[in-house]
Amino acid sequence: MNTKQNQRKQVSKDKIEKAFLTLIHTKPLNKITIQSLCTLAQVNRTTFYAHYAEIYVLTETIQNGFQQEIRLILKPLDRQTYANIESIFAQLFEFIQSHRDFYGIYLTDHQYFTPPDAPIMPAPSSQFYVDDERHYHLQFFMAGFGAVAREWLRNDCQETPQKMAALICDEYRR
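Residues numbered from 1 in each chain as written. Predicted model: local features only at pLDDT ≥ 70, side-chain atom pairs only at ≥ 80, totals over all residues. Heavy atoms only, no water.

1. Regarding the nonpolar core
Piece 1. Core analysis: the biggest nonpolar cluster contains 49 residues, and Phe20, Leu37, Phe48, Phe89 and Tyr103 have the highest contact counts within it.
Piece 2. Of all the secondary-structure elements, those providing two or more residues to this core are helix 1 (3-23), helix 2 (34-41), helix 4 (55-74), helix 5 (85-98), helix 6 (100-109), helix 8 (131-154) and helix 9 (161-173).
Piece 3. Ranked by residue count, the leading element in this core is helix 5, at eight residues. (Core = buried A, V, L, I, M, F, W, Y, C linked by side-chain atoms within 4.5 Å. Buried < 20%, exposed > 50% of the residue type's maximum accessible area, 1.4 Å probe, protein only. Helix = DSSP H or I, 4+ residues; strand = E, 2+ residues; numbered from the N terminus.)

Structure, rendered in structure tokens:
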């Protein structure tokens, strides 16, 4: 496929995703229609369906894009000492807050904030859990993180990201 065609496809996808993120500021997910999305994005319905089977596939695609940004936030995490984990969690909460409309919807239907393979579990797990238990501990931790983020969003992010990060770290240390 030629470069010009690839660029056009990417521009269309970007327009659709941007329109979706605009619409979720004003409508609940179940009220966003493909027609309203395409009208705002200025693309045809066939263009939408060329990229996404439905709105929920679009939502997952956007989340996957956000996951790339989250991985960049997590990259400087010192996985030996975890000395900087509270500042990393603060950055995660800032990210959630900056995309609160999306995550308010996404975390309603998803138990996890990040996929279970995300490497954000703090170091104590490696000290206290054997390899066959680590998977369960990670599931527990990620479900808890998702629940805390969901509740924070429901409360309109009243606490600062730094306070939320401290809460997660304090809870984990107990």
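2. Here we look at the pattern of salt bridges
Piece 1. Counting across every chain of the model gives two salt bridges.
Piece 2. The shortest N-O distance in the salt bridge between Glu151 and Arg154 comes to 2.9 Å. Taken together, the residues Glu151 and Arg154, both in helix 8 and three residues apart, mark about one turn of the helix.
Piece 3. Residue Glu151 is classed as partly exposed on the basis of its relative accessible area of 37%. (Salt bridge = Lys/Arg side-chain N within 4 Å of Asp/Glu carboxyl O.)

3. Observations concerning the packing of helix 1 against helix 2
Piece 1. It is the contact of helix 1 with helix 2, at a shortest axis distance of 8 Å, that shows an interaxial angle of 115 degrees. By the criterion of interaxial angle, the relationship of helix 1 to helix 2 is roughly perpendicular. Crossing of helix 1 over helix 2 shows right-handed handedness. Of helix 2, the residues touching helix 1 (which contributes Lys15, Ile16, Ala19, Phe20, Thr22 and Leu23) are Ser36, Leu37, Leu40 and Ala41. (Axes fitted to C-alpha atoms, helices over the stretch in contact; angles between N-to-C directions. Parallel < 35°, antiparallel > 145°, perpendicular 65-115°, else oblique. Left-handed = near helix turned anticlockwise from the far one by under 90°. Contact = heavy atoms within 4.5 Å.)

4. Quick word on the side chain of Ser12
Piece 1. As for its position among the elements, Ser12 is in helix 1.
Piece 2. Given a relative accessible area of 16%, Ser12 falls into the buried group.
Piece 3. Those residues in contact with Ser12 that lie beyond four places of it in its chain are Thr47 and His51.

5. Description of unusual backbone geometry
Piece 1. Even without glycine at this site, Gln42 takes up a positive phi of about 60 degrees.
Piece 2. Within the secondary structure layout, Gln42 lies in the loop between helix 2 and helix 3 (45-51).
Piece 3. By relative accessible area, Gln42 is classed as exposed at 64%.
Piece 4. One non-glycine residue, Cys157, adopts positive backbone phi at about 50 degrees.
Piece 5. Mapped onto the secondary structure, Cys157 falls in the loop between helix 8 and helix 9.
Piece 6. Residue Cys157 is classed as buried on the basis of its relative accessible area, which comes to 7%.

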